[in-house]
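Spelled out from the first residue to the last, the chains are:
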Amino acid sequence: MKSNASDVVFRTKDLTKVYDTGEVKVFALAGVDLKLFGGELAVLLGPSGSGKSTLLNILGGLDHATDGQVWFRDLELTKLRDRGLTRFRRDHVGFVFQFYNLVPSLTARENVQLVTDVAPHPMRPEEALERVGLFHRMDHFPAEMSGGEQQRVAIARAVAKRPEVLLCDEPTGALDSKTGIQVLEVLKQVNEDLGTSTIVITHAAEIRKMAHRVIWFQDGKIAKTEINEARLAPSEIVW
Amino acid sequence: MTGMEALDRKLLRDFRRLWAQFLAISLVLAAGVAVLLMSFGMSAALDETRETYYERNRFADIFVDARSVPQSMLEVIGDIEGVAAVEARVTTNATLDIAGKSDATVAYVASFPASEPLLNVPILQRGYWPDPFSTDEVVLNAPFAEANDLWPGTQFTANLNGSKRTLTVTGWALSPEFIYTIGPGSLIPDDEDYGIVWMPERALAALLDRTGAFDNLSIKLRPGFSTDTVIDQVDTLLEPYGSWGAIDRTQQTSDAFIESEITQLRMLAYILPPIFLGITVFLVNMVVGRIVALERTEIGLLKALGYSDLAILFHYLLLAGLVAAVGVGLGFAMGSWLSYGMSQLYANFLKFPYLIYAVSWNTYLVSGLVGFIAATAGAARAAWAAARLAPATAMSPPAPPRFHRNWLDRALSAARVSQPTMMILRSLIRWPLRAAMSVLGMALAVSILVASNFFPDALELIIDSAFHQSNRQHAVLFFNDAMPESALEEARRLPGVLQVEGQQYLTAILRNEHRSKRAVVEARRPGNDLSRIVAIDGQIVDAPPNGIMLSQRLAHQLDVDVGDTVEAEFLGNRKGTFTLPVTRLVTQYVGLGAYMDQDTADSMFQQAPQISVINVTLDTREDDAFQASLKELPRLGGRAMMVENRLGFEETVSQNILITTTIYAILGILITVGVAYNGARIQLSERARELASLRILGFTRGEVGYILVGEIMLLALIAQPVGWWIGWRVAKLMTDSFTSDLYAIPLVLKPDTFSSASLIVLTAAFVSVLIVRRRLDHLNLVSVMKTRE
């Protein structure tokens, strides 16, 4: 699916995040204005500490902004308290982390069920696992799977609730490039099949080639944005 | 050197950081140390005090009462092999009339020799001993004198052998024979109501018509000689003089009571402290184990830096040492306080002349050492594992816990439990030992509460059986000698008396082959209404004619059943040895009862009907007149007022029960908090990442909290039936071990006992977990995303 420029999913206005350690104030985000569109796959690039994870956390309702505003469609996230943010995460957001964060005592299917049990319109766990190509591994525990498989379970868990946005923080960071490509394939598939707006943070600049849009971060600000006219398939990417 | 200091600083910081967990463990340890200190220390202190007192004041080994024995027999008994000293006395029971006191008071009057007494030497506390030739001067036992304001110089009247004498108090004394005194028919000591009077021998013998004779003998043995052999010879010698049979110290009322107190204290030392120390071992093991797991990389680093295995081992053992130091310190404080409270309690009814109530320093040493050993033993496994970690392995993360699907998982999946519930259940299956130990810990807390809570119900049952069912009389009058049944008519004429019933108490030794038991056989008329024999099932029974009815415990001790026979050797007034068929058994709580039909007894002794006890009901409006008439009644040896008796008993019991149930509740709570709080903290530490992930996935605090609270509370719930069962076993053990000749404690376990124990433990567990749950609010969701555990 192509991104739809008229359908704004996230909008931030002068978004600022300051870490006050007492002695020094660190501007993790120094006034970010950004729009993210429906069905878009955006890649955030930038050096460590440039503010991309902070942005992702605030968009995902995990962290509070110091200043500025964030809207998810018509919902102003910056006005929500803890309870509201929990609700927001539960209903609209899927997360994929660098270290998978699966529950070791639950099988692949049960890890997915964690989400489908509480989401309003979920797909069946089996279907989610099928999407990531792990239908045959669904009764295995995380410790019985490879890193790539675990990450795919994490993606299945994230998409099973049919979220409107999928936020991925270094999803391939802990994987070798071959396994990483498999994971990216899944992300691309989900983005295209379900129309889920997806943000991927990465250190591997080559991954930008699969995005609709690339956003470069520097010192808590957006340095530049780039639109890919010709996207590459993950299998064509090498890093 | 500087390196070691840095490690020590780490130790102290770890301790400070985890202070709440360590405190919870220290409190459990402290409870163990305190109970050990108190029970072990107090039993040793009581034992030592008693021994010293007996030794210094030459407490006798054998005691005999007889009717009247000529003085010449004294020499014969003194010549028995093994006898070191003998001392004869004349004694009687008397009613006293004390100015300003309406109630008749009962006292045991004993003669005091002209020369220094040889045995059971009383210690003068105040005043002086009367002149041996004095006829109206006496010394009183100090607690009785104090309770009645009978200071040296004051006077009172005593009805001695039918003649009223005005006596002057010259002093107060304490005696090893009367450390614990209890009046006839009483259940608890009452200093105001029952006293000991020492009177110069000459005067008392004259009053009792016993000049040149004695009726009470104390014998001291040479070390190494058998009490039984001497008792046999004494019994043979005194048989013609109406002997009631010689008894040893174990049957001497005062000593038997102290002995049972010491035994109970020792029992406590064997039952409770091991529970607390065992739980301490488990908790220290769990917490230090978790610390070592978390500090894996630090341990690797320290080793890479050149710290020896031994240094690492000591580092973690020292952590346990700090827990022990706090626990032992608190235990000493709690134990000293408990011992002080206990000694105050004892001071109320045990009359020692000097205080050796202090807990000895070596009790402190031993209980402190035990505390340190428990804590160190708990840390040993984890500390050893830390010391053994190879640096390279230590620096890499541990292998993740492996879960496998088994039939249990399939069952759980089939049951369609929610994923959070599945997480709880899998964790229990994955660490079954830890789960089992936590269950056991909390179950022990429940059991302590069950085993202590059942006492009030048991006592209530005893009180109901003894007072409301069996003894419905208002007063019991005891006489020094048996009297014809016509005495009942005299009693009926006393002011205020509504109903009278007579009974006779006969002292006998009952034998079956080599087994024998000294007992009081009650001869009674069928259908007696004031004093009834009530079986445990509530049935009112009478002694069938032509035989003897025994209480279940007595029959058990003699190993006889219905249809067997016992040989009964009657002592004292009505002498003779008879073979009696056991006609019936009755199960009772109090006393080792033996019963006969009055007519059977009378015809057996070929005598006219006699009675020695009269039960009466009273018109309470005439109480004062009734009491006044008792003061005039000749040959009255004692009287028991049943209502006062019951109220006094209930008051003492309820006070003690309030104290003990509070203490046990605190102990149960300490255990629960120790187990539940630490269990939850460790779970939180292990699951922090998991729980944060769930929060990120959109689970609410409540839903995430459920996993934490759910696991501990599930364990707490499983612990309940286990705790009930252990509690029931412990209660059974306690009733069995506390059951003595005097009473049997019924095992009354009402639903209330179980539910209140469970309520306390579940509440304590829930509050502990809620305290830990609050930490969930501070989970850093963002950092979880970024780090690998």
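What comes next concerns the included structure. Not measured: the values here are computed from a predicted model.

### Focus: the overall build of chain A
- Helix and strand counts for chain A come out as six helices and 10 strands.
- Taking 239 residues into account, the globule formula puts the C-alpha radius of gyration at 18 Å, and chain A, at 17 Å, falls close to it.
- With the principal axes as the frame, chain A shows a C-alpha extent of 50 × 40 × 40 Å.
- Out of the 239 residues in chain A, the part that is buried amounts to 57%.

### Some details on the interface of chain B and chain A
- Opposite the 32 residues of chain B that make contact, chain A presents 31 residues.
- Across the chain B to chain A interface the summed buried area is about 3000 Å²; carbon plus sulfur atoms make up 57%.
- Inspection of the chain B/chain A interface yields four salt bridges.
- We note a salt bridge from Glu110 of chain A to Arg426 of chain B, for which the minimum N-O separation is 2.6 Å.
- Taken together, chain B and chain A are joined by 12 residue pairs in polar contact (both at pLDDT 80 or more).
- Looking at the side of chain B that touches chain A, the elements with two or more residues in it are helix H13 (419-430), helix H19 (642-696), helix H20 (701-738) and helix H22 (781-786) of chain B.
- Element by element, the count of residues in the side of chain B that touches chain A is highest for H19 of chain B, at six residues.
- Per-class residue counts for the side of chain B that touches chain A are 14 nonpolar, eight polar and 10 charged.

### Points about H13 of chain B
- Counted at 1.5 Å a residue, the expected span for H13 of chain B with its 12 residues is 16 Å, and the 16 Å between its end C-alpha atoms agrees.
- Within H13 of chain B, nine of the 12 residues are buried, which leaves it mostly tucked inside the rest of the structure.
- Residues of H13 of chain B that are buried include every one of Gln419, Pro420, Thr421, Met422, Met423, Ile424, Arg426, Ser427 and Leu428 of chain B, and no others.
- Among the structural elements, helix H3 (108-116) of chain A together with helix H12 (407-414), helix H14 (432-470), H19 and H20 of chain B are those in contact with the buried residues of H13 of chain B.

### Brief notes about the packing of helix H7 (residues 253-294) of chain B against helix H10 (residues 361-388) of chain B
All names here are of chain B.
- Between H7 and H10, whose axes approach to 8 Å, the crossing angle comes to 30 degrees. As the angle between them shows, H7 and H10 are arranged roughly parallel. The hand of the H7/H10 crossing is right-handed. Contacts between H7 and H10 pair Leu277, Val281, Val284, Asn285, Val288, Gly289 and Val292 from the former with Val370, Gly371, Ala374, Ala375, Gly378, Ala379, Arg381, Ala382 and Ala386 from the latter.

### Structural notes on a negative patch on the surface
- On the surface, Glu513, Asp559, Asp561 and Asp564 of chain B cluster together to form a negatively charged patch.
- Mapped onto the secondary structure, Asp561 of chain B falls in the loop between helix H16 (552-558) and strand E18 (565-570).

### A short note on the side chain of Gln151 of chain A
Residues and elements named next belong to chain A.
- The topology assignment puts Gln151 in helix H5 (residues 147-159).
- Taking the relative accessible area as the measure of exposure, Gln151 reaches 0% and is therefore buried.
- Residues in contact with Gln151, not counting those within four places in the same chain, are Val96, Phe97, Gln98, Tyr100, Pro171, Leu175 and Val183.

### Quick word on the nonpolar core
- Grouped together as the largest cluster of nonpolar side chains are 128 residues, with contacts concentrated most on Phe10 of chain A together with Phe22, Tyr316 and Leu694 of chain B.
- The element best represented in this core is H19 of chain B, accounting for 15 residues.
- If sequence neighbours within four positions are ignored, Tyr316 of chain B has contacts with Lys10, Val288, Ile291, Val292, Glu295, Ile299, Ala379, Ala383 and Ala386 of chain B.
- Within the second largest apolar cluster, 51 residues are counted, among which are Leu37, Met38, Met199 and Leu338 of chain B.

### As for the pairing of strand E17 (residues 548-551) of chain B
Residues and elements named next belong to chain B.
- Burial along E17 is two-sided: Ile548 and Leu550 and Met549 and Ser551, pointing in opposite directions, are all buried.
- Bridging between E17 and strand E19 (residues 576-586) involves four bridges; their strand directions are parallel. Considered in E19, the bridge of Leu550 is made with Leu585.
- Examined bridge by bridge, E17 and strand E20 (residues 594-597) share two bridges and lie antiparallel to one another. Across the sheet, residue Met549 finds its bridge partner in E20, namely Tyr595.

### Observations concerning the sheet that holds strand E7 (residues 165-169) of chain A
Residues and elements named next belong to chain A.
- Taken in spatial order, the six strands make up an open sheet running E6-E7-E8-E3-E9-E10, and their pairing is mixed. Strands with a single pairing partner mark the edges of an open sheet, and in this sheet they are strand E6 (93-96) and strand E10 (221-227). Averaged over all pairs of adjacent strands, the angle between their axes in this sheet comes to 20 degrees, without regard to strand direction.
- The strands that H5 touches are E6 and E7; relative to E6, the one it contacts most, it runs at about 170 degrees.

### A few points about the pairing of strand E1 (residues 62-70) of chain B
All names here are of chain B.
- Bridge count for E1 against strand E11 (residues 247-248) is two bridges, and the pairing is antiparallel. Across the sheet, the residue bridging to Ile62 is Asp248, located in E11.
- In terms of strand pairing, E1 meets strand E10 (residues 213-221) through six bridges, oriented antiparallel. By the bridge assignment, Val64 is partnered in E10 with Leu217.

### Points about the sheet that holds strand E2 (residues 83-89) of chain B
Residue and element names in this part refer to chain B.
- Overall, antiparallel pairing links the four strands, which are arranged E2-E10-E1-E11 in an open sheet. Strands at the two margins of the open sheet, each flanked by one partner only, are E2 and E11.
- Bridge count between E2 and E10: six bridges; the pairing is antiparallel. Across the sheet, residue Val86 finds its bridge partner in E10, namely Ile219.
- Contacts from helix H6 (residues 227-238) reach E1, E2, E10 and E11 within the one sheet, and its direction differs from that of E1 by about 10 degrees.

### Regarding the packing of aromatic side chains
- Following the criterion strictly, the structure yields 21 aromatic pairs over all chains and no others.
- Measuring from centroid to centroid gives 3.6 Å for Tyr180 of chain B and Phe257 of chain B, while their planes differ by 5 degrees, and the two rings are stacked. In this pair, Tyr180 of chain B sits in the loop between strand E8 (163-174) and strand E9 (194-200) while Phe257 of chain B sits in helix H7, placing the two residues 77 residues apart along the sequence. For the pair shown, Tyr180 of chain B and Phe257 of chain B are each scored as buried.
- Its end group placed over the ring of Phe72 of chain A, Arg73 of chain A keeps NZ or CZ at 5.9 Å from the ring centre.
- In this arrangement the basic side chain of Arg430 of chain B is found over the ring face of Trp431 of chain B, its NZ or CZ atom lying 5.0 Å from the centre.

### Observations concerning the side chain of Lys631 of chain B
Residue and element names in this part refer to chain B.
- Position of Lys631 relative to the elements: it lies in helix H18 (residues 623-632).
- Engagement of the side chain of Lys631 in a polar contact is seen with the backbone oxygen of Ser102, the distance being 3.1 Å.
- In contact with Lys631, not counting residues within four places along its chain, are Thr95, Leu96, Asp97, Lys101, Ser102, Asp103, Ala104, Asn159 and Lys164.

### A short note on a nonpolar patch on the surface
Residue and element names in this part refer to chain B.
- A cluster of nonpolar side chains, namely Trp19, Leu23, Val326 and Leu330, defines an oily patch on the protein surface of about 340 Å² accessible area.
- Mapped onto the nonpolar patch, the elements with two or more residues apiece are helix H2 (19-56) and helix H9 (309-349).
- Take Trp19: it is sitting in helix H2.
- For Trp19, a relative accessible area of 54% gives the class exposed.

Here is what the cut-offs are and how they apply
Residues numbered from 1 in each chain as written. Chains lettered and ligands numbered in written order. Predicted model: local features only at pLDDT ≥ 70, side-chain atom pairs only at ≥ 80, totals over all residues. Heavy atoms only, no water. Helix = DSSP H or I, 4+ residues; strand = E, 2+ residues; numbered from the N terminus. Rg over C-alpha atoms; globule rule 2.2 N^0.38 Å. Buried < 20%, exposed > 50% of the residue type's maximum accessible area, 1.4 Å probe, protein only. Contact = heavy atoms within 4.5 Å. Buried area = accessible area lost by both parts, 1.4 Å probe. Salt bridge = Lys/Arg side-chain N within 4 Å of Asp/Glu carboxyl O. Polar contact = N/O pair within 3.5 Å; in protein donor to acceptor, adjacent residues only side chain to side chain. Nonpolar A, V, L, I, M, F, W, Y, C, P; charged D, E, K, R; others polar. Expected span 1.5 Å × (residues − 1). Axes fitted to C-alpha atoms, helices over the stretch in contact; angles between N-to-C directions. Parallel < 35°, antiparallel > 145°, perpendicular 65-115°, else oblique. Left-handed = near helix turned anticlockwise from the far one by under 90°. Patch = residues over 30% accessible without salt bridge, like charges linked within 9 Å, V, L, I, M, F, W, Y side chains within 5 Å. Areas by Shrake-Rupley, 256 points an atom, 1.4 Å probe, with all protein chains shown as cover. Lys, Arg positive; Asp, Glu negative; His and termini not counted. Charge placed at Lys NZ, Arg CZ, Asp CG, Glu CD. Core = buried A, V, L, I, M, F, W, Y, C linked by side-chain atoms within 4.5 Å. Pairing = 2+ DSSP bridges. Phe/Tyr/Trp six-rings, centres within 6.5 Å; stacked < 30°, edge-to-face > 60°. Lys NZ or Arg CZ within 6 Å of the ring centre and 35° of its normal.

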